[in-house]
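Residues per chain are reported as follows:
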Amino acid sequence: MSKTSAKPTIFVTRRWPDAAEAALKQYFNPTFNDSDVPLSAAQIAEGFASHDALAPTVSDQITADIIAAGAAGSGRLIANFGVGVNHIDLDAAASAGLAVSNTPGVLTDATADLALTLMLMVSRRAGEGERELRAGEWHGWRPTHLMGRSLSGKTLGIIGMGRIGKAVAHRAALGFGMKIIFYNRSKVTDIADYEAKQIDDFDVLCAQSDFLSLHCAASADTFHILNEDRLQRMQNHAYVINTARGDVIDEAALVRALHSGNIGGAGLDVFQGEPDIHPDILTAPNTVLLPHLGSATVETRTAMGLKVVENARAFFAGERLIDPVV
Ligand code: DGY
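S.K.: What am I meant to see in the overall build of the chain here?
M.R.: Looking only at helices and strands, the chain has twelve helices and 13 strands in total. Against the 2.2 N^0.38 benchmark of 20 Å for 326 residues, the chain shows a C-alpha radius of gyration of 21 Å, consistent with a compact globule. When its C-alpha atoms are laid out on the principal axes, the chain stretches across 65 × 50 × 35 Å. Burial status across the chain gives 49% buried among its 326 residues.

As structure tokens, this is what we get:
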């Protein structure tokens, strides 16, 4: 661990892009995890207790015990590097009187781009093709070789029409000529530049989609929202795309649906229990798997770090958080 001079102190659990680390150092006295190896719960608790703020990421479980340790020490703020906060015990933070912020907005485009990447990769069999070529098993062009399915004219069903869901719909409708249907708990009325039909029955959305892309936050309400029953309602050629959180899909049911041919394939960037991957997912046919890369561009990861800095600056200046969660 390396530590620089005075100002409010902040414990940062992982390395950040250079520009974001530099901005943090300008206003804070940060302790970075120089090794970038995941920290244990005890290390995070100790770090939070001895700093004014904690800047964790999705790969840290911020439990009630860590929160209690932070609050009993000098911890006052959890400034999350990321938009999703399902890894933080928000009730415990609220009860302990701690503030929590996140980084919405800046990762919308990168995550939407990655959802489209997965849609294209799985439907055009890009992963299979690359593996075949690298294995020296490509024996030349032929009319029936690795035929996939096109996006144009297909129906994209979106679950969760927030910022990222809308950005995916925008790209799919205007860039690829897809028809958009979506499921969202509240009524969505601000879509003007493309046609999109809100469907209140989730089961109907599953049955009508050629591509089903999940963009809802992980919560008790959305846990396994795509379950066995809904997977069975999907068409045999349909694809599941997940750039949200592993918890929103019943992975065991997804694996069964893939292996039995009940659905056409899946493009997954997030997993239950990641970075551990259910072994049957690795052998499932027509599946493209990425290691949680949704926001992984230099521009986006830098902007996420700068958002942490802005929120922490506002907080320690006695102002309202820019992106309050708690
Ligand atoms: C987030 O911000 O929640 C992402 O999953 C990390 O990119």
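S.K.: Can you help me understand the site of the ligand in this one?
M.R.: Lining the immediate surroundings of the ligand are Gly82, Val83, Gly84, Leu107, Arg245, His292, Ser295 and Met304. In this structure, Arg245 approaches the ligand through a side-chain N or O atom, which is 2.7 Å from an oxygen atom. A distance of 2.8 Å separates an oxygen atom of the ligand from a polar atom in the side chain of His292. Taken by itself the ligand offers 230 Å² of open surface, and the protein chains cover 89% of this. Classifying every residue of the shell around the ligand by side-chain character gives three nonpolar, four polar and one charged.

S.K.: Please explain the nonpolar core as it appears in this structure.
M.R.: What tends to happen in soluble globular proteins is that the nonpolar side chains get buried as a cluster. Within the largest apolar cluster, 29 residues are counted, with the highest numbers of intra-cluster contacts made by Leu231 and Val240. Mapped onto this core, the elements with two or more residues apiece are β8 (179-183), α8 (202-208), β10 (211-214), α10 (251-260) and β12 (265-268). Among the elements that line this core, the one with the most residues is α10, at five residues. Look past the residues within four positions of Val240 in its chain and what remains in contact with it is Leu212, Leu214, Leu226, Leu231, Met234, Ile249, Leu254, Ile263, Gly265, Ala266 and Gly267. One finds Leu116, Ile158, Ala167 and Val168 within the second-largest nonpolar core, a separate group that totals 26 residues.

S.K.: Explanation requested: the state of the cysteines in the structure shown.
M.R.: In protein structure, a disulfide is the covalent linkage between the sulfur atoms of two cysteines. Applying the stated rule across the entire model yields zero disulfides. Left unpaired, Cys206 is separated from the closest cysteine sulfur, that of Cys216, by 11 Å. On the basis of relative accessibility, which here comes to 13%, the residue Cys216 falls in the buried class.

S.K.: Can you help me understand the packing of helix α2 (residues 41-49) against helix α3 (residues 64-72) in this one?
M.R.: Axis separation between α2 and α3 bottoms out at 7 Å; the angle between their running directions is 25 degrees. Regarding the angle of α2 to α3, the classification is roughly parallel. As α2 packs across α3, the resulting crossing turns out to be right-handed. Residues Ala41, Ile44, Ala45, Phe48 and Ala49 of α2 touch α3, and the partners they reach there are Ile66, Ala69 and Gly70.

S.K.: I'm lost on the pairing of β10 in this one. Help?
M.R.: Look at any regular strand and the pattern is simple: side chains alternate between the two faces of the sheet. Burial along β10 is two-sided: the face carrying Phe211 and Ser213 and the face carrying Leu212 and Leu214 are both buried. In this sheet, β10 lies alongside strand β7 (residues 155-159) in parallel orientation, the contact comprising four bridges. Among the inter-strand pairings, Ile158 is bridged to a residue of β10, identified as Ser213. Assessed by its sense of winding, the connection that carries the chain from β10 through helix α9 (residues 228-233) to strand β11 (residues 239-242) is right-handed.

S.K.: Sorry if this is basic, but what is going on with α2 here?
M.R.: Residues three or four positions apart in an α-helix share a direction because the helix packs 3.6 residues into each turn. All of the buried residues in α2 are Ile44, Ala45, Gly47 and Phe48. Each buried residue of α2 lies within a common arc of 165 degrees when the element is viewed along its axis, so the set occupies one face. Projecting away from the buried face of α2 at angles above 90 degrees are the exposed residues Ala42 and Glu46. Where the residues of α2 are buried, they touch β2 (9-12), β4 (53-55), α3 and β5 (77-79).

S.K.: Help me understand the sheet that holds β11 in this model?
M.R.: Two orientations exist for strands paired in a sheet by backbone hydrogen bonds: parallel and antiparallel. Taken in spatial order, the seven strands of this open sheet run β9-β8-β7-β10-β11-β12-β13, and their pairing is parallel. Every other strand in the sheet has two partners, leaving β9 (196-198) and β13 (287-289) as the edge strands with one partner each. Direction aside, neighbouring strands of the sheet carry axes that sit 15 degrees apart on average. Docked against the sheet, helix α7 (residues 163-176) engages β7 and β8, running at close to 175 degrees with respect to β7.

S.K.: Before we go on, may I ask you to explain the pairing of β8 in this structure?
M.R.: Counting buried residues in β8 gives four out of five residues, a clear majority hidden from the surface. Pairing of β7 with β8 involves five bridges; the strand directions are parallel. Residue pairing in the sheet places Thr155 in a bridge with Lys179 of β8. Crossover connection from β7 via α7 to parallel β8: handedness right-handed. Inspection of the sheet shows β8 paired to β9 by three bridges, in the parallel sense. For Ile181, the partnering residue across the bridge sits in β9 and is Lys197.

What counts, and at which threshold
Residues numbered from 1 in each chain as written. Predicted model: local features only at pLDDT ≥ 70, side-chain atom pairs only at ≥ 80, totals over all residues. Heavy atoms only, no water. Helix = DSSP H or I, 4+ residues; strand = E, 2+ residues; numbered from the N terminus. Rg over C-alpha atoms; globule rule 2.2 N^0.38 Å. Buried < 20%, exposed > 50% of the residue type's maximum accessible area, 1.4 Å probe, protein only. Near = heavy atom within 4 Å. Polar contact = N/O pair within 3.5 Å; in protein donor to acceptor, adjacent residues only side chain to side chain. Areas by Shrake-Rupley, 256 points an atom, 1.4 Å probe, with all protein chains shown as cover. Nonpolar A, V, L, I, M, F, W, Y, C, P; charged D, E, K, R; others polar. Core = buried A, V, L, I, M, F, W, Y, C linked by side-chain atoms within 4.5 Å. Contact = heavy atoms within 4.5 Å. Disulfide = S-S within 2.5 Å. Axes fitted to C-alpha atoms, helices over the stretch in contact; angles between N-to-C directions. Parallel < 35°, antiparallel > 145°, perpendicular 65-115°, else oblique. Left-handed = near helix turned anticlockwise from the far one by under 90°. Pairing = 2+ DSSP bridges. Right-handed = clockwise from strand over helix to strand, strands pointing away. Arc of directions from axis to C-beta.

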